[in-house]
Amino acid sequence: MRGHFDEDMQVVHSLDVYQTRLNTIMWSLAGGTLGLTLLITGSTWLAVGRVLRPVEAIRSEFADLSAHHLDRRVPVPRAGNEIARLATTMNDTLDRLQAAVDQQRQFVADASHELRTPLAALRAELELALNRPENANWPQVITDALGDTLRLQHLTTDLLLLARLDATNATPPHSRVLDLAELVRDELTRRPTPSHLTLLPHIATDPVLVYGSYSLLARVLGNLLDNAERHANSTITVRLSHDPDGGEAVLDVQDDGPGIPVEDHQRVFERFTRLDDARTRDAGGSGLGLAIAHRIATAHHGTLTLTLTPSVHGAHFTLRLPTQDTLP
């Protein structure tokens, strides 16, 4: 009996030893797992924080931006990853936004100046006449005041048209398929030519079909002719042709005046652009005609450019519009 008892005690002792070892292993595994978990959590937190640190810098810088501080840019991380590409894209967008805001501010400043000039002249004329009403030539005062009022009306009309064109990239209202050759012939017939100038039309006999607004395209031709009449010495040439290879209608308006320097070929389409004394706006131009014509051409998926013709004097404007069969 005692032998069996001793054997049982040895078994129990062995089980206690194994249980102790098992508990030790379990606690070691639990401690190791906990430590590994904490290590992974800490490493992940540090790694994520390091990765997101540039995002926070971008967010902080972007939050401080305003319309008065558009010259600031978000920091671009050195690593060429997705965050760096995001920052680059944001900076490119800010560049375009700043350019648009600067252009708008310049436009508002120029428009204010242009509106202030005829208003000041109108006020001076009326105040001078009222100070000495008995000596005033009232018919002349009224004529001058009417001239300044008409200039203001034309200027505000042009500004509103530009604002409407800038406000949308959609197809101009009342667009339809029209014959550009017929439009040019009608406008030239309706428009009186100054007595000191000769108009030379060369219009395609076949229909030249384009898709667009009749009134806006007529405005482009009218603005180009206004510009030509102010600067031509004796002759204005209007030529309309069809370029079947390029699928375009090509309208050329050329004068034999002093011309425009090559360095100003792009700037001349900006609003309120003032060139040298050879081509001034004191003959009645508002400085918006070519800008309006250029914007209308763009709205019709076309182009308006100055064509360089070294052998011919004067300014040569070329309007290109997609013909109806080439439109999407």
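Predicted model, so just to flag it, every value in this text is computed and none were measured.

Reading predicted coordinates in detail is not appropriate for stretches of low pLDDT. Scored by pLDDT, the protein has a mean of 80; 83% of the residues are at 70 or more. Counting contacts from residues 277–283, a segment whose pLDDT is below 50, to residues more than four positions away or on other chains yields 16 contacts.

In space, the five strands of this open sheet follow the order β2-β4-β5-β7-β6, with mixed pairing throughout. Where the open sheet ends on each side, the last strands, each with one partner, are β2 (198–203) and β6 (303–306). Ignoring which end each strand starts from, the neighbouring axes of this sheet average 15° apart. As defined by bridge partners, strand β4 (residues 235–243) adjoins strand β5 (residues 248–255) across eight bridges and the pair is classed as antiparallel. Counterpart to aspartate 243 in the pairing with β5 is glutamate 248.

Here the focus is the packing of helix α5 (residues 214–231) against helix α6 (residues 289–299). Where α5 contacts α6, the axes come no closer than 9 Å and their chain directions differ by 145°. Seen along the crossing, α5 lies across α6 with a hand that is left-handed. Residues Leu216, Arg219, Val220, Asn223, Leu224 and Asn227 of α5 pack against Gly289, Leu290, Ile292, Ala293 and Ile296 of α6. The class makeup of the residues in the contact of α5 with α6 is seven nonpolar, three polar and one charged.

Here we come to the pattern of salt bridges. Tallied over the entire structure, the rule returns eight salt bridges. Among the charged side chains, a salt-bridge network with shared partners connects Arg191, Asp226 and Glu229.

With that out of the way, let us pick up the nonpolar core. One finds Leu180, Val184 and Phe317 to be the most contacted residues of the largest nonpolar core, which totals 48 residues. Setting aside residues no more than four positions away along its own chain, phenylalanine 317 makes contact with Leu224, Asn227, Leu251, Asp252, Val253, Ile260, Phe269, Leu290, Leu304, Thr305 and Leu306. In this structure, Ile58, Val74, Ile83 and Met90 belong to the second largest nonpolar core, which totals five residues.

Calculation notes
Residues numbered from 1 in each chain as written. Predicted model: local features only at pLDDT ≥ 70, side-chain atom pairs only at ≥ 80, totals over all residues. Heavy atoms only, no water. pLDDT = per-residue confidence, 0-100. Contact = heavy atoms within 4.5 Å. Pairing = 2+ DSSP bridges. Helix = DSSP H or I, 4+ residues; strand = E, 2+ residues; numbered from the N terminus. Axes fitted to C-alpha atoms, helices over the stretch in contact; angles between N-to-C directions. Left-handed = near helix turned anticlockwise from the far one by under 90°. Nonpolar A, V, L, I, M, F, W, Y, C, P; charged D, E, K, R; others polar. Salt bridge = Lys/Arg side-chain N within 4 Å of Asp/Glu carboxyl O. Core = buried A, V, L, I, M, F, W, Y, C linked by side-chain atoms within 4.5 Å. Buried < 20%, exposed > 50% of the residue type's maximum accessible area, 1.4 Å probe, protein only.

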